[in-house]
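# Structure at a glance
What follows is the residue order along each chain.
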Amino acid sequence: MASDEHPNYKYYGRYWGAHFRHKKRRQSGNSSGMNVNNSQHQQQVDGSHNVLSSSSSDDPAIGHEYEVFLSFRGAEIRKSFTDYLYHSLIDAGIRTFRDNEELHVGEEIGPKLMKSIKQSKIGIPIFSAYYASSKWCLMEVAEMVKSMKDSKQLIMPIFLDVTLDAVQHQTGSYAKPFSRHEKKVGQEKVRAWRDALKEVVKRKGLELDRLANGDCPYRPW
């Protein structure tokens with residue numbers, strides 16, 4: 001089944017947006033003196049994820065800090081799951097950056113896109129069957145991992161129509177794209193992308209197909 005035909009995409013995209021909104025309202029009742037370091041410490045203690053902001057914006061302008069950065073293969077799911085999730089987050093007052101393919105220029109991540117990733121508190125890579133076919137998606141997720149290590153950015157992956165094993169080991173629909181990437185950009189760069197995917201799979205994430213079947217062992221957000 002193609003990604004844009006999944007019957008649960010609209011429901012779960014809006015569901016997680018509502019979850020963020022509920023969590024943000026609860027946090028707004030906490031002490032206003034809580035700082036970022038304290039929130040990170042709380043996450044380490046009880047696994048909670050604090051979203052620290054009081055305004056929203058649909059404009060990914062340089063100089064603005066984002067709470068969420070969405071990474072996805074645009075041609076495949078931009079108008080389905082990602083669109084539902086994005087607008088639900090915006091409606092919840094969560095400043096969210098949705099990657100615009102017009103920012104994809106040249107062979108490396110441009111300064112605007114790079115800054116948007118670094119400024120975001122949470123990176124959400126949305127892994128679909130053809131995510132790995134985009135070198136831009138792989139560069140984005142590698143930058144998220146770097147930001148996670150450098151500045152404690154949170155990574156909350158979503159697995160749509162692909163398994164954790166396929167992402168971690170680059171099998172199934174990820175195998176051929178990685179072989180093509182190695183021929184075009186070299187093994188060293190692709191090795192960094194492979195390592196990034198393995199690191200992301202270690203994070204708690206949402207497995208949409210398992211959740212739809214009632215088999216997802218946790219609710220990550």
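What comes next concerns the included structure. Keep in mind that this is a model prediction, so the values were computed, not measured. (Residues numbered from 1 in each chain as written. Predicted model: local features only at pLDDT ≥ 70, side-chain atom pairs only at ≥ 80, totals over all residues. Heavy atoms only, no water.)

What follows covers helix α8 (residues 175-185). If you check which residues of α8 are buried, you get Pro-177, Phe-178 and His-181. Taken end-on, α8 shows its buried residues confined to a sector of 95°, consistent with a single buried face. Of the exposed residues in α8, those oriented more than 90 degrees away from the buried face are Lys-176 and Lys-183. Structurally, α8 contributes buried residues whose contacts are with α6 (135-151) and α9 (187-201). Of the residues flanking the end of α8, it is Gly-186, one or two places downstream, whose phi is positive at about 100°. (Buried < 20%, exposed > 50% of the residue type's maximum accessible area, 1.4 Å probe, protein only. Helix = DSSP H or I, 4+ residues; strand = E, 2+ residues; numbered from the N terminus. Arc of directions from axis to C-beta. Contact = heavy atoms within 4.5 Å.)

The next point concerns unusual backbone geometry. The backbone of Lys-152 sits at a positive phi, close to 65°, despite the residue not being glycine. Although it is not a glycine, Gln-170 sits at a positive phi angle of roughly 55°.

To continue, consider the pairing of strand β1 (residues 68-71). Side chains of β1 alternate between two faces, with Val-68 and Leu-70 and Phe-69 and Ser-71 buried alike. Relative to strand β2 (residues 96-98), β1 runs parallel, the two sharing 3 bridges. Bridging from a neighbouring strand, Leu-70 pairs with Arg-98 of β2. Pairing analysis gives 4 bridges linking β1 to strand β3 (residues 122-127), with the strands arranged parallel. Of the residues in β3, the one forming a bridge with Ser-71 is Pro-125. (Pairing = 2+ DSSP bridges.)

A few words now on the packing of α6 against α9. Running from N to C, α6 and α9 cross one another at 60°; their axes reach a closest spacing of 9 Å. Judged on the interaxial angle alone, α9 and α6 are oblique. The handedness of the crossing between α6 and α9 comes out as left-handed. Packed against α6, whose contacting residues are Lys-135, Leu-138, Met-139, Val-141, Ala-142, Val-145 and Met-148, the element α9 presents Trp-193, Ala-196, Leu-197, Glu-199 and Val-200 at the interface. Of the residues contributing to the contact of α6 with α9, the split by class is 10 nonpolar, no polar and 2 charged. (Axes fitted to C-alpha atoms, helices over the stretch in contact; angles between N-to-C directions. Parallel < 35°, antiparallel > 145°, perpendicular 65-115°, else oblique. Left-handed = near helix turned anticlockwise from the far one by under 90°. Nonpolar A, V, L, I, M, F, W, Y, C, P; charged D, E, K, R; others polar.)

Attention shifts here to the packing of aromatic side chains. Under the criterion given, the structure shown has 4 aromatic pairs. On the basis of an interplanar angle of 70° and a centroid distance of 4.8 Å, the ring pair of Phe-127 and Tyr-131 is categorised as edge-to-face. There is no split in this pair, since Phe-127 and Tyr-131 are both buried. Arranged with centres 5.4 Å apart and planes meeting at 25°, the rings of Phe-127 and Phe-159 form a pair that is stacked. Highlighted residues: Phe-127 in strand β3 and Phe-159 in strand β5 (residues 158-159), separated in sequence by 32 residues. By relative accessible area, Phe-159 is classed as buried at 2%. (Phe/Tyr/Trp six-rings, centres within 6.5 Å; stacked < 30°, edge-to-face > 60°.)

For the structure on display, the rule yields 5 salt bridges. Between Asp-83 and Arg-98 there is a salt bridge, with its nearest N and O atoms 2.8 Å apart. Of this pair, Asp-83 sits in helix α4 (residues 81-91) while Arg-98 sits in strand β2, placing them 15 residues apart in sequence. Assessed through its relative accessible area of 23%, Asp-83 is described here as partly exposed. Among the ionic pairs, Glu-182 bridges to Arg-194, the shortest N-O distance being 3.3 Å. With Glu-182 in helix α8 and Arg-194 in helix α9, the pair connects residues that are 12 residues apart, well separated along the chain. (Salt bridge = Lys/Arg side-chain N within 4 Å of Asp/Glu carboxyl O.)

What follows covers the packing of helix α5 (residues 111-119) against α6. Contact pair α5 / α6: the axes reach a minimum separation of 9 Å and the direction vectors enclose 40°. Classified by the interaxial angle, the pair formed by α5 and α6 is oblique. As α5 packs across α6, the resulting crossing turns out to be right-handed. Contact residues: α5 offers Leu-113, Met-114, Ile-117 and Lys-118, while α6 offers Trp-136, Glu-140, Glu-143, Met-144 and Ser-147.

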